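Inside the fold
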Amino acid sequence: MERIPVQSSNIVSIGYHSETETLQVEFLNNSIYEYKNVPQIVYDGLMEASSHGSYFNHEIKDSYSYEKIA
């Protein structure tokens, strides 16, 4: 999955696959997590947020199942 670099104090890049509703988030510590069943509107909100980290923490982190992939 291609990820887009973002300006954030904690997140390096974000990727999304709309057909599977899978979100990938790469963090500054080089870990990558995949979040399942994330709607397109949530991904859009994340990418448009003035603070990617705050949006992620409030809207995604504890709301979707995930697995560490790297």
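Right above here is the structure, for reference.
Quick caveat: nothing in here was measured; it's all calculated off a predicted structure.

At their nearest, the axes of helix α1 (residues 40–48) and helix α2 (residues 52–60) sit 8 Å apart, and the two run at 150° to each other. By the angle between their directions, the pair α1 and α2 is classed as roughly antiparallel. In this structure, α1 uses Ile41, Val42, Gly45, Leu46 and Met47 to contact α2, whose residues at the interface are His52, Tyr55, Phe56 and Ile60. Per-class residue counts for the contact of α1 with α2 are seven nonpolar, two polar and no charged.

Moving on, we get to α1. Among the residues of α1, Val42, Tyr43, Gly45 and Leu46 are the ones counted as buried. Projection of α1 onto a plane perpendicular to its axis shows the buried side chains occupying an angular sector of 160°, all on one side. Within α1, the exposed residues directed more than 90 degrees away from the buried face are Ile41 and Glu48. For α1, the elements touching its buried residues are β1 (3–5), β2 (11–17), β3 (22–27) and α2.

This part takes up the nonpolar core. Within soluble globular proteins, side chains that are nonpolar generally end up buried alongside one another. Residues Leu23, Tyr35, Phe56 and Ile60 are the most contacted members of the largest nonpolar core, which totals 15 residues. For this core, the elements supplying multiple residues, two or more each, are β2, β3, α1 and α2. Beyond its immediate stretch of four places on either side in the chain, Tyr35 contacts Glu21, Thr22, Leu23, Val25, Phe27, Phe56, Ile60, Lys61, Tyr64, Ser65 and Tyr66.

As a further point, take the pairing of strand β4 (residues 32–35). Sheet topology places β3 next to β4; four bridges connect them, and they run antiparallel. Residue pairing in the sheet places Val25 in a bridge with Tyr33 of β4. Direction of pairing for β4 relative to strand β5 (residues 66–68): antiparallel, over a ladder of three bridges. Along β5, the bridge assignment pairs Tyr35 with Tyr66.

Rules used throughout
- Residues numbered from 1 in each chain as written.
- Predicted model: local features only at pLDDT ≥ 70, side-chain atom pairs only at ≥ 80, totals over all residues.
- Heavy atoms only, no water.
- Axes fitted to C-alpha atoms, helices over the stretch in contact; angles between N-to-C directions.
- Helix = DSSP H or I, 4+ residues; strand = E, 2+ residues; numbered from the N terminus.
- Parallel < 35°, antiparallel > 145°, perpendicular 65-115°, else oblique.
- Contact = heavy atoms within 4.5 Å.
- Nonpolar A, V, L, I, M, F, W, Y, C, P; charged D, E, K, R; others polar.
- Buried < 20%, exposed > 50% of the residue type's maximum accessible area, 1.4 Å probe, protein only.
- Arc of directions from axis to C-beta.
- Core = buried A, V, L, I, M, F, W, Y, C linked by side-chain atoms within 4.5 Å.
- Pairing = 2+ DSSP bridges.

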